[in-house]
Amino acid sequence: MMRVIAGIVAVLLLAVTSQAQAQFQTPFYDSRDIMGGGPNFFGGGASPIPRQTVMYPTSYAPGTIVINTAERRLYLVQGGGEALRYGIGVGRDGFRWGGVHRVSAKREWPDWTPPREMLARRPDLPRHMRGGIENPLGARALYLGSTLYRIHGSNEPETIGQAVSSGCFRMTNEDVVDLYNRVSVGATVVVMN
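Nothing here was measured: the structure is a model prediction, and the numbers come from that model.

Rules used in this analysis
- Numbering of residues starts from 1 in each chain and follows the order in which that chain's sequence is written.
- For this predicted model, a pLDDT threshold of at least 70 governs which residues receive local features, and a threshold of 80 or more governs which side-chain atom pairs are given and counted, while totals over whole chains, interfaces and linings are taken from all residues.
- Note: side-chain values were computed over all heavy atoms of the structure, leaving out hydrogens and water.
- Here, a salt bridge means any Lys or Arg side-chain nitrogen found within 4 Å of an Asp or Glu carboxyl oxygen.
- Helix and strand assignments follow DSSP, with helices taken as H or I runs no shorter than four residues and strands as E runs no shorter than two, numbered in order from the N terminus.
- Here the term buried applies to any residue with accessible area under 20% of the maximum for its type, exposed to any over 50%, and partly exposed to those in between, with areas from a 1.4 Å probe on protein chains only.
- Contacts described as polar in this section are N or O atom pairs within 3.5 Å, which, within protein, must combine one atom able to donate a hydrogen with one able to accept it, while residues neighboring in sequence count only if both atoms come from side chains.
- Nonpolar core, defined: a set of buried Ala, Val, Leu, Ile, Met, Phe, Trp, Tyr and Cys residues in which side-chain atoms within 4.5 Å join the residues together.
- Only heavy atoms enter the contact rule, under which two residues are in contact if any of them lie within 4.5 Å.
- When DSSP finds two or more bridges between two strands, those strands count as paired.
- Helix axes use the C-alpha atoms of the stretch in contact, all axes being lines fitted to C-alpha atoms, and the angles between their N-to-C directions lie in the range 0 to 180 degrees.
- By convention, a stacked pair of Phe, Tyr or Trp rings (six-membered ring in the case of Trp) has centres within 6.5 Å and planes under 30 degrees apart, an edge-to-face pair has planes over 60 apart, and any other such pair is tilted.
- Only lysine NZ and arginine CZ atoms are considered, and such an atom sits over a ring when it is within 6 Å of the ring centre and within 35 degrees of the ring normal.

Details of the pattern of salt bridges
Then step 1. A complete count under the given rule lists eight salt bridges for this structure.
Then step 2. Its salt-bridge partner being R130, residue D111 comes within 3.7 Å of it at the nearest N-O pair. Residue D111 is located in the loop between β6 (99-108) and α3 (116-121), and its partner R130 is located in the loop between α3 and β7 (140-144); the two are separated by 19 residues in the primary sequence.
Then step 3. Look at R130 and you get exposed, because its relative accessible area is 64%.
Then step 4. Salt-bridge contacts for R182 lead to D178; the nearest nitrogen and oxygen are separated by 2.8 Å. Of this pair, R182 and D178 both sit in helix α4 (residues 173-182), four residues apart, which is roughly one turn of the helix.
Then step 5. Residue classification places R182 among the partly exposed positions, given a relative accessible area of 45%.
Then step 6. Accessibility expressed as a relative area gives 15% for D178, which makes it buried.

What to know about the environment of T172
Then step 1. Checked against the element boundaries, T172 lands in strand β10 (residues 169-172).
Then step 2. Sequence separation between T172 and P157 is 15 residues; the distance between their C-alpha atoms is 5.7 Å.
Then step 3. Side-chain polar atoms of T172 contact the backbone nitrogen of D175, separated by 3.1 Å.

Re the nonpolar core
Then step 1. Core analysis: the largest hydrophobic core is formed by 22 residues, its most contacted members being I65, I67, L74, I151, F169 and L179.
Then step 2. Breaking this core down by element, the ones donating at least two residues are β2 (65-68), β3 (73-77), β4 (82-87), β7, β10, α4 and β11 (188-192).
Then step 3. A per-element tally of this core places α4 first, with three residues.
Then step 4. Not counting residues up to four positions away in its chain, the partners in contact with I65 are L74, Y75, L76, V103, I151, L179, V183, T188, V189 and V190.
Then step 5. Core analysis: the next-biggest nonpolar cluster, separate from the first, contains eight residues, A105, W112, L119 and Y143 among them.

Quick look at the sheet that holds β11
Then step 1. Taken together, the nine strands give an open sheet; going across it, the order is β1-β4-β3-β2-β11-β6-β7-β8-β10, and neighbouring strands pair in mixed fashion. Each edge of the open sheet carries a strand with a single partner, namely β1 (52-55) and β10. Sheet twist, expressed as the mean angle between neighbouring strand axes with direction ignored, is 30 degrees.
Then step 2. Of the strand pairs in this sheet, β6 and β7 are connected by five bridges, and their pairing is antiparallel. Bridged to V103 within β7 is L144.
Then step 3. Of the strands in this sheet, β2, β3, β4, β6, β7, β8 (150-154) and β10 touch α4, which is tilted by about 105 degrees from β10.

Notes on α4
Then step 1. For α4, a buried count of seven out of ten residues is recorded, marking the element as mostly surrounded by other parts of the structure.
Then step 2. Among all positions of α4, only N173, D175, V176, V177, D178, L179 and Y180 are buried.

A closer look at the packing of aromatic side chains
Then step 1. In this structure the tally under the stated criterion is three aromatic pairs.
Then step 2. Relative to Y75, the ring of Y56 has its centre 4.4 Å away and its plane inclined at 15 degrees; by these criteria the two rings are stacked. With Y56 in the loop between β1 and β2 and Y75 in strand β3, this pair connects stretches of sequence that are 19 residues apart. The burial state of Y56 is the same as that of Y75; both residues are buried.
Then step 3. Measuring from centroid to centroid gives 5.7 Å for W97 and F169, while their planes differ by 45 degrees, and the two rings are tilted. Residue W97 is found in the loop between β5 (90-91) and β6, and its partner F169 is found in strand β10; the two are separated by 72 residues along the sequence. Both residues of the pair, W97 and F169, count as buried.
Then step 4. In this structure an aromatic cluster arises from ring pairing among W97, Y149 and F169.
Then step 5. Above the ring of F95, the side-chain terminus of R92 is found at 4.6 Å from the ring centroid.
Then step 6. One Lys or Arg, K106, reaches over the ring of Y180 and ends 4.3 Å from the middle of that ring.

Here it is in structure tokens:
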């Protein structure tokens, strides 16, 4: 009888100990976050403006990027009168611009060298920053012609939908990777101010 009671007590203690350990374990981390590709790898979280397919009747060819700075949205024209719509951050007052350019280059985890105009305004900025999660250009960048401007990622999702940049167009890292994978060098970019 004593063995049965001792066995029951041992099982109960084991169950209580296992439950207590489970409560104090560190959270589960997806190893892809460290190695790349996991849901938290790009940092910054989800966009406050979800990407979605919308009706977008236009005369622009599929593959054209149309940026509407007033709406703070970027449209990637699809066939059939539709477009993928992304939330973006745009240039603050005095830094918004318009025009038509082409994607002249694409870079993964691009390095960042602030232009001299930016350094004149912000001498505290680094002169050069290697690509990576802390880099303000984020996970991907699409360069717009010979301008200083880019469509690029950001690890600050709270700035999406805001006018905060020096003229570039910010997207969450998740959204800029999606756009990067859909767009080719040479694609037309129409910026409506």
